Amino acid sequence: MLLVIPEVLSAAEVAAMRERLEQADWQDGRQTAGYAAIDQKSNLQLQVRDPLAVELGQRILQALSTDPRFISFALPGKILSPMFNCYRGGGEYGFHIDNAIRVDPLGGDRIRTDVSTTLFLSDPGDYDGGELVVSGTYGVETVKLPAGHAVVYPGTSLHRVTPVSRGQRLAAFFWTQSMVQDETQRNLLYELDCTIQQLALRPENRTEVVRLTGVYHNLVRGWAQV
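Just so it is clear, the structure is predicted and the values come from calculations on it, not from any experiment.

What follows covers the nonpolar core. Formed by 32 residues in total, the largest nonpolar core has its most connected members in Leu 9, Leu 21, Ile 60 and Phe 84. Of all the elements in the fold, those that place two or more residues in this core are strand E1 (3–5), helix H1 (11–22), helix H2 (51–65), helix H3 (68–74), strand E6 (83–88), strand E10 (115–120), strand E14 (150–154) and strand E16 (164–178). With 6 residues, the top contributor of residues to this core is H2. Leave out the neighbours within four places in its chain, and Leu 9 touches Val 14, Met 17, Arg 59, Ile 60, Ala 63, Leu 119, Leu 121 and Gly 148. One finds Phe 120, Tyr 127, Leu 145 and Val 151 within the second-largest nonpolar core, a separate group that totals 13 residues.

Laid out in structure tokens, this is it:
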């Protein structure tokens, strides 16, 4: 399952980030690619310890930490420090699956990459290509979102970024270790949570909402690893 979260950042926040990223010290993205993906990757990235990457990454995590859609979908336990990339001049990233375990260079934690998140920082009209193509159990989905919007999807998915033939595509990306490792269980919990929230809009559903909320939390209690 794939989730789009609109307006994680405001237009003003995105514009300010983009202006600073234009002056950033970009490095060859292949430095962070695994041996199986290095030949597939052609982009630029900020060093994870770059003060700008740290500052902007913390702002993004702050915005998502209070977003009920992200919390419900990812059920985050640990979150890897966000990274930033830039695609231009034909840059792309061929089909690959992300490494299962990553070490957060800031905190040193080992993090299982259950859930992937990409936050778009360039508007779709500013570049050609650069679509995120995700192939998963629900088929192939192509994503190219307005700046400030995010897409969240299983880290187990085969995915790629198509070549950018005009302009440049700026984005932030990171991984989450979910408290519920199993993707099917996470999807069931998300659907149940969404249903409860819809039922709760009507006062006459109070009894059902209380019962289903109990079911939800008992499932989390049984499936979560904390």
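Still more to cover.
Moving on to the domain arrangement of the protein chain. What the domain assignment lists for the protein chain is domain 1 (3–178) and domain 2 (183–223). Here the C-alpha centre of domain 2 lies 30 Å away from the C-alpha centre of domain 1. In this assembly, 13 residues from domain 1 lie in contact with 7 residues from domain 2. Summing both sides of the interface, domain 1 and domain 2 together bury roughly 810 Å²; the carbon and sulfur share of this comes to 52%. Taken as a group, Ser 72, Phe 73 and Leu 75 account for 52% of the area that domain 1 buries against domain 2, more than any other trio of residues on that side. There are 0 salt bridges connecting domain 1 and domain 2. With 4 residues, H3 is the single largest residue contributor to the side of domain 1 that touches domain 2.

The rules behind the values
Residues numbered from 1 in each chain as written. Predicted model: local features only at pLDDT ≥ 70, side-chain atom pairs only at ≥ 80, totals over all residues. Heavy atoms only, no water. Core = buried A, V, L, I, M, F, W, Y, C linked by side-chain atoms within 4.5 Å. Buried < 20%, exposed > 50% of the residue type's maximum accessible area, 1.4 Å probe, protein only. Helix = DSSP H or I, 4+ residues; strand = E, 2+ residues; numbered from the N terminus. Contact = heavy atoms within 4.5 Å. Domains from an automatic or database assignment. Buried area = accessible area lost by both parts, 1.4 Å probe. Salt bridge = Lys/Arg side-chain N within 4 Å of Asp/Glu carboxyl O.

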